[in-house]
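Now for the letters of each chain:
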Amino acid sequence: MAYKSLLVHVDSSPRAAARLDTAIVLAQTFDAHLTGLFVAPLPLSDGGFAAAPYPHTSGTTPDYVEASARRAQDTFENAVRLAGLASVEWRQLIGAPIEDMYLNARYHDLVIIGQGDPTQSIDKLPTDYPQTVLMGAGRPVLIVPYSGSFDTVGQQILVGWDARQEATRALTNALPLLKRAKRTQVLTINPVHGGDHGEVPGMDIAIYLARHGVEVEVMSEHGASVDVGNLLLSNAADMGADLIVMGAYGHSRLREIMLGGATQTVLESMTVPVLMSH
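Overview of the structure. (Residues numbered from 1 in each chain as written. Predicted model: local features only at pLDDT ≥ 70, side-chain atom pairs only at ≥ 80, totals over all residues. Heavy atoms only, no water.)

### Side note on the pattern of salt bridges
Then, in step 1: Taken as a whole and assessed by the stated rule, the structure comprises four salt bridges.
Then, in step 2: The shortest N-O distance in the salt bridge between D11 and R19 comes to 3.2 Å.
Then, in step 3: Accessibility expressed as a relative area gives 6% for D11, which makes it buried.
Then, in step 4: Residue D162 is joined to R164 by a salt bridge in which the shortest nitrogen-to-oxygen separation is 4.0 Å.
Then, in step 5: For R164, a relative accessible area of 43% corresponds to the partly exposed category. (Salt bridge = Lys/Arg side-chain N within 4 Å of Asp/Glu carboxyl O. Buried < 20%, exposed > 50% of the residue type's maximum accessible area, 1.4 Å probe, protein only.)

### Quick word on the packing of helix α1 (residues 16-30) against helix α2 (residues 63-83)
Then, in step 1: Contact geometry for α1 and α2: axes closest at 10 Å, N-to-C directions at 40°. Classified by the angle their axes make, α1 and α2 are oblique. α2 is crossed by α1, and the crossing has right-handed handedness. Counting all contacts with α1, which are made through A17, L20, I24 and Q28, the residues of α2 involved are T75, F76, A79, V80 and A83. (Axes fitted to C-alpha atoms, helices over the stretch in contact; angles between N-to-C directions. Helix = DSSP H or I, 4+ residues; strand = E, 2+ residues; numbered from the N terminus. Parallel < 35°, antiparallel > 145°, perpendicular 65-115°, else oblique. Left-handed = near helix turned anticlockwise from the far one by under 90°. Contact = heavy atoms within 4.5 Å.)

### Thoughts on the sheet that holds strand β8 (residues 217-221)
Then, in step 1: The sheet built from 10 strands is open, its strands ordered β3-β2-β1-β4-β5-β12-β9-β6-β7-β8 with mixed pairing. Two strands close off the open sheet at either side, each with one partner strand: β3 (88-94) and β8. Each strand of the sheet is rotated relative to its neighbour by a mean of 20°, with strand direction disregarded.
Then, in step 2: Where strand β1 (residues 5-9) lies against strand β4 (residues 110-114), three bridges are found, and the strand directions are parallel. What sits directly across from L7, in β4, is V111.
Then, in step 3: In this fold helix α3 (residues 97-105) packs onto β1, β2 (33-40), β3 and β4, with an angle of close to 165° to the strand it touches most, β2. (Pairing = 2+ DSSP bridges.)

Dropping the structure here:
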């Protein structure tokens, strides 16, 4: 398994360039096709409906949306040209940013998106847009923090492991990166002997990964009232991780997102990229 088709959300913010750098490094590493996607909603009319239809059907798009799309496209095209990427594609869809991202995500191996900035809305997208994409895309999502720079992604990996379905999916989706990592640490928090974790918590997943050529260190943390999200972030900092892999817990109802505590903490406070699957 390898990532052969990557989708990166490119918005009109200055942070899009750093996100693109990460996407380009991954495209080069895996010799993958890279699609850049700009999405934005249309303004609502007084009646609460979109003021104009999709630009590829009929009608017009407001000038400020077009300007944002052009900035995003210029950022993408300049970055891939400087990197010398040959297999690239640009898409922009105006009108239904959640549905458009879902649709495009399902035809790519990995989605790369930026962490939401609670202090500002970019391209009229809600600040919880990344969470919305994560919960409904049906693909692994690599979320890049909105501050900081990341020279490497996936050389030092921390895996949050609780033996549940979401964590299993995230770990499996991260295998292409895990196989290339210099160091991988699997962290279990308050594991229960027996049951899903097996007789020795962490041992079964270590054996599974070893069969894929991934050597791991297994660590366990115990505490009556452990803050799982902050513990993951703390351990990532201690090991010098440049990537966290974990399951995303919660569910979506329309555009209302309810996330588990650890998931929300990491999404709000991440300092390194995080690969999540739901």
